Amino acid sequence: MADVTTIKVKKQTAEKMKKGFPLIEKAAVLTNIEMEEGSILSVTDEAGVFIGKGYYGKQNKGIGWILTNNQSESIDRLFFVNRLQAAINRRRSFYQDAETTTFRVFNGEGDGVGGLTIDYYDGYYVCTWYSEGIYHFRRDIYEALKEVVSFKGVYEKKRFAGKGQYVEDDDFVMGERGEFPLLVKENGMNVAIYLNDGPMVGVFLDQRDVRKKIRDTYAKGKNVLNTFSYTGAFSVAAALGGAKHTTSVDLAKRSLAKTIEQFSVNSIDYEAQDIIVMDVFQYFKFAKKKEKSFDVVILDPPSFARSKKHTFSAAKDYTGLLQEAIAITRKNGVIVASTNCSTFSMEKFHGFIKDAFKKEKSSYEIVEEYSLPDDFRTSKSYREGDYLKVVFVKVK
Ligand code: SAH
């Protein structure tokens, strides 16, 4: 077994960690020592009293995660078998739902191992590794996965910058290779998935409940605008829910073919829909000039994005984005304001909404709210992990 490095953390952090806070933050570490990716850390308070055992792995946030508060528990194959099995047991209802064949099986610290997520796509598993450190444990973790589930195949995504950019290597790990697109189901809606084509596979699973809600309750007979539309999943859900018309806008050229594909696998005539490759902010200008307006406007931008003309940061610019949306939403229309930015809270998000309506001299009513779905299990001691905030706002 690897050597254990003992580190001390500051008093305040020690108190938090004793209550279950799992992230090892660089600024909290008092011990001045070189640590290696994947090394086992024994975390103690200033007095040297054991708090937890974890690993060193540098991510954007933190330098590692606590894995257990039990000093005698080893971090080995059996440890991962237990964590994986517990995660799978919690998701029995997902495995049994024939209408949904894709979901998150393992959600990082929410399931007890920060830095690793595992998603399920109809028999295929995708492991996403968020640091070189956690990737050091891959052999044990893949062995554990073999032990607790039967699968068609396993793929992996590495979300840590080794030498800069994401490296487009072969993501296949074991089992049999899939044929892509792989067609999976989400509440009966078909989704075309590619596990061998870069970091994004075609759908963001955390929006499942929101897509269902739009489809079931908000779409019928409506004119829907889906901004930052990626593969158009919200548009497809709206069309299946009986939307009169959908408009999908995304800057990425490939979003056009990807959106056509998602409509097509659901037998929706994509030619009856608008799919526009354009900067969203450009589109807002165009829509205003043409006096276009919508019943439903979906805003689901990335936390950060840079286009030729615009830098968008959710934390700084969401109010402005909402103002643009308010200007082209009909009275009694609904704005679906979504963000996956973990640096601000739901309360702050409400503040952005309030400011935007005030600036637009318009009033509103919050109709409903969503956070992460049940398969994206979060830790009560680590609220930052509960990043998704979706607010349905009615324009009055
Ligand atoms: N809402 C999508 C996911 C969005 S991912 C879904 O539910 O599936 C973020 C998308 O925003 C990417 O596809 C990216 O190409 C797009 N994007 C980023 N900046 C943009 C901009 N300024 N205008 C339009 N699209 C943008």
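For clarity, every value in this text was computed on a predicted model and none was experimentally measured. (Residues numbered from 1 in each chain as written. Predicted model: local features only at pLDDT ≥ 70, side-chain atom pairs only at ≥ 80, totals over all residues. Heavy atoms only, no water.)

## Describing the packing of helix 2 (residues 77–90) against helix 5 (residues 138–148)
Next up, step 1: Axis separation between helix 2 and helix 5 bottoms out at 8 Å; the angle between their running directions is 50 degrees. When the interaxial angle is binned, helix 2 and helix 5 end up oblique. When the axes of helix 2 and helix 5 are compared, the crossing they make is right-handed. From helix 2, Arg-77, Phe-80, Val-81, Leu-84, Gln-85 and Ile-88 reach across to helix 5, where they touch Asp-140, Ile-141, Glu-143, Ala-144, Leu-145, Glu-147 and Val-148.
Next up, step 2: For the contact of helix 2 with helix 5, the residue count by class is 8 nonpolar, 1 polar and 4 charged. (Axes fitted to C-alpha atoms, helices over the stretch in contact; angles between N-to-C directions. Helix = DSSP H or I, 4+ residues; strand = E, 2+ residues; numbered from the N terminus. Parallel < 35°, antiparallel > 145°, perpendicular 65-115°, else oblique. Left-handed = near helix turned anticlockwise from the far one by under 90°. Contact = heavy atoms within 4.5 Å. Nonpolar A, V, L, I, M, F, W, Y, C, P; charged D, E, K, R; others polar.)

## Looking at the sheet that holds strand 19 (residues 329–339)
Next up, step 1: The strand order across the open sheet formed by 7 strands is 15-14-13-16-19-21-20, and the pairing between neighbours is mixed. Whereas interior strands pair on both sides, the edge strands pair on one side only; in this sheet they are strand 15 (274–277) and strand 20 (364–370). Each neighbouring strand pair of the sheet contributes to a mean axis angle of 15 degrees, computed without reference to strand direction.
Next up, step 2: The sheet contact formed by strand 19 and strand 21 (residues 389–395) spans 6 bridges and is antiparallel. Looking at strand 21, one finds that Ala-337 is bridged to Val-391.
Next up, step 3: With respect to the sheet, helix 6 (residues 208–218) is in contact with strand 16 (294–299), strand 19, strand 20 and strand 21, its orientation differing from that of strand 20 by roughly 130 degrees.
Next up, step 4: Contacting strand 19, strand 20 and strand 21, helix 11 (residues 346–359) crosses the sheet at an angle of about 25 degrees to strand 21. (Pairing = 2+ DSSP bridges.)

## Some remarks on the site of the ligand
Next up, step 1: Around the ligand, a shell composed of 13 residues is seen, among which Phe-228, Asp-250, Leu-251, Val-280 and Asp-300 lie nearest.
Next up, step 2: Between the ligand and the protein, one listed contact pairs a nitrogen atom with a backbone N or O atom of Leu-251 at 3.1 Å.
Next up, step 3: Contact between the ligand and Asp-300: a nitrogen atom at 2.8 Å from a side-chain N or O atom of the residue.
Next up, step 4: Surface burial for the ligand is 89%, taken as the share of its 580 Å² of free accessible area covered by protein chains.
Next up, step 5: Class assignment for the residues of the shell around the ligand results in 10 nonpolar, no polar and 3 charged. (Near = heavy atom within 4 Å. Polar contact = N/O pair within 3.5 Å; in protein donor to acceptor, adjacent residues only side chain to side chain. Areas by Shrake-Rupley, 256 points an atom, 1.4 Å probe, with all protein chains shown as cover.)

## Here we look at the domain arrangement of the protein chain
Next up, step 1: Domain boundaries assigned for the protein chain yield domain 1 (4–68), domain 2 (77–187) and domain 3 (204–395).
Next up, step 2: The distance between the C-alpha centroids of domain 1 and domain 3 comes to 38 Å.
Next up, step 3: Counting residues at the interface gives 7 residues for domain 1, matched by 4 residues for domain 3.
Next up, step 4: Contact with domain 3 buries area across many residues of domain 1, yet Phe-21, Pro-22 and Lys-61 alone supply 66% of it, more than any other trio.
Next up, step 5: Here domain 1 is connected to domain 3 by 2 residue pairs in polar contact (both at pLDDT 80 or more). (Domains from an automatic or database assignment. Buried area = accessible area lost by both parts, 1.4 Å probe.)

## A short note on a positive patch on the surface
Next up, step 1: A cluster of basic residues, Lys-253, Lys-285, Lys-308 and Lys-309, forms a positive patch at the surface.
Next up, step 2: You can see Lys-285 is positioned in helix 9 (residues 280–289).
Next up, step 3: A residue is classified by how much of its surface remains accessible, and Lys-285, at 58% relative accessible area, is exposed. (Patch = residues over 30% accessible without salt bridge, like charges linked within 9 Å, V, L, I, M, F, W, Y side chains within 5 Å. Salt bridge = Lys/Arg side-chain N within 4 Å of Asp/Glu carboxyl O. Lys, Arg positive; Asp, Glu negative; His and termini not counted. Charge placed at Lys NZ, Arg CZ, Asp CG, Glu CD. Buried < 20%, exposed > 50% of the residue type's maximum accessible area, 1.4 Å probe, protein only.)

## Re the environment of Gly-110
Next up, step 1: Relative to the helices and strands, Gly-110 is located in the loop between strand 6 (102–107) and strand 7 (116–121).
Next up, step 2: Judged by relative accessible area, which is 6%, Gly-110 ranks as buried.
Next up, step 3: A C-alpha to C-alpha distance of 7.8 Å links Gly-110 and Gly-385, two positions 275 residues apart in sequence.
Next up, step 4: Residue contacts for Gly-110: discarding those within four places in its chain leaves Arg-377, Thr-378 and Ser-379.

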